[in-house]
Amino acid sequence: MSDIPVTVTKPQVFYNFADYRKWRHQMVLEGKKVGFVPTMGALHSGHLSLVKLAKSKNDMVVMSIFVNPAQFAPTEDLDQYPRTLEDDIKLLGETGCCDVVLVPSVQEMYPSGITLNVSEQKGTFVEVLGKSLQMEGSIRPHFFRGVATVVLKFFNIIQPDMAFFGQKDAQQCVVIRTMITDLCLPIEMIAGPIVREEDGLALSSRNRYLTQEERSYAVILYKGLLAAKDAYSSGIKDAKKLIEIAQDVIKSEPRVSFDYISIAHPYQLHELDTVNEDGAILSGAIRVGETRLIDNILLDCQL
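In the annotation of an unreviewed UniProt entry, the chain is listed under the name Pantoate--beta-alanine ligase and assigned to Basidiobolus ranarum. Heading Catalytic activity (unreviewed entry) of the UniProt record for the chain holds this comment: "(R)-pantoate + beta-alanine + ATP = (R)-pantothenate + AMP + diphosphate + H(+)". In its Pathway (unreviewed entry) section, the UniProt record describing the chain reads: "Cofactor biosynthesis; (R)-pantothenate biosynthesis; (R)-pantothenate from (R)-pantoate and beta-alanine: step 1/1."

Visitor: I'd like a description of the sheet that holds strand β7 (residues 256-264), backed by residues and values.
Guide: Strand-to-strand pairing in sheets goes through backbone hydrogen bonds, with the strands running parallel or antiparallel. Taken in spatial order, the three strands of this open sheet run β7-β8-β9, and their pairing is antiparallel. With partners counted over all chains shown, the strands left at the sheet margins are β7 and β9 (291-299), one partner each. The mean inter-strand angle of the sheet, taken between neighbouring strand axes irrespective of direction, is 15°. Judged from the nine bridges that link them, strand β8 (residues 280-288) and β9 form a sheet pairing that is antiparallel. Note that in β9 the partner of Ile-286 across the bridge is Leu-293. Sheet strands touched by helix α10 (residues 239-251): β7 and β8. Its angle to β7, the strand with the most contacts, is close to 160°.

Visitor: I'd love a proper account of α10, names of residues and values included.
Guide: Between the first and last C-alpha of α10 there are 18 Å, a value that for 13 residues agrees with the 18 Å anticipated at 1.5 Å per step. Within α10, the full set of buried residues consists of Ala-239, Leu-242, Ile-243, Ile-245, Ala-246 and Ile-250. Within α10, the buried residues cover an arc of 155° as seen down the axis, which keeps them to one side. Among the exposed residues of α10, those oriented more than 90 degrees off its buried face are Lys-240, Asp-248 and Lys-251. Structurally, α10 contributes buried residues whose contacts are with α9 (220-233), β7 and β8. Capping of α10 at its N-terminal end is provided by Asp-238; its side-chain oxygen lies 3.3 Å from the backbone amide nitrogen of Lys-240.

Cut-off values and rules
Residues numbered from 1 in each chain as written. Predicted model: local features only at pLDDT ≥ 70, side-chain atom pairs only at ≥ 80, totals over all residues. Heavy atoms only, no water. UniProt positions renumbered as here; feature names shortened; annotations may be inferred. Pairing = 2+ DSSP bridges. Helix = DSSP H or I, 4+ residues; strand = E, 2+ residues; numbered from the N terminus. Axes fitted to C-alpha atoms, helices over the stretch in contact; angles between N-to-C directions. Contact = heavy atoms within 4.5 Å. Expected span 1.5 Å × (residues − 1). Buried < 20%, exposed > 50% of the residue type's maximum accessible area, 1.4 Å probe, protein only. Arc of directions from axis to C-beta. Polar contact = N/O pair within 3.5 Å; in protein donor to acceptor, adjacent residues only side chain to side chain.

Written as structure tokens, this is what we have:
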């Protein structure tokens, strides 16, 4: 399973659970190991790197493409979120590493219905307590409830042996790993490294929202994180000082709106006063025009 195929092979696409489950049953009969990459589509090289990583460790790779309404608030960009299914499938075919794409309907994913207003939602939802309302969750308190819910649904449908998530969503990786452990799921989770543009901007489906001018200074978040990382490497372990260093760099660019910088424990996600032997997740978010961007750097730790 270590050799990655290079042949262009268009993946098989399933639009409902019943057809997918027939395929999955056949994989069980054949003793095939299945890796899973969940996405919301609008694929870029970061997603494709996860597909290739999954193929290097599994016989078959399944990707889901589903824009999950449960992780969007009423004021967020659900309707505007890019949907590029035809292009996505073409890209996956060019990798030669994706065998199946599951593209379910909102109705099948949420049979009780789904509204963006959490107080009006009905049905079954999943919350990972203690790790969902800090960092990104402090800005988007609904977000990880929606993420955990949809990922658990996909785990139940896909029945993967391994699941692959991107480090760019560091808090998500910790939340999902906790859910896997706490709910005793027979799944190994692997976090793939961030893929960046040449100037360091982390790849994101939302980058396509940026104008050419906005793109030129969107990298300021990464520069701020790098400045804090360099200070940490020089011996500074005080979290407040490291955060100030990152903030000073980011706020030097008046065309962006600063959201937050966080230095959190890599497994418990509480904010640190001092980075200790466990290391830390150094993360942050900014707004560039109408686009919100996140990024992170790991300080002496792994997800």
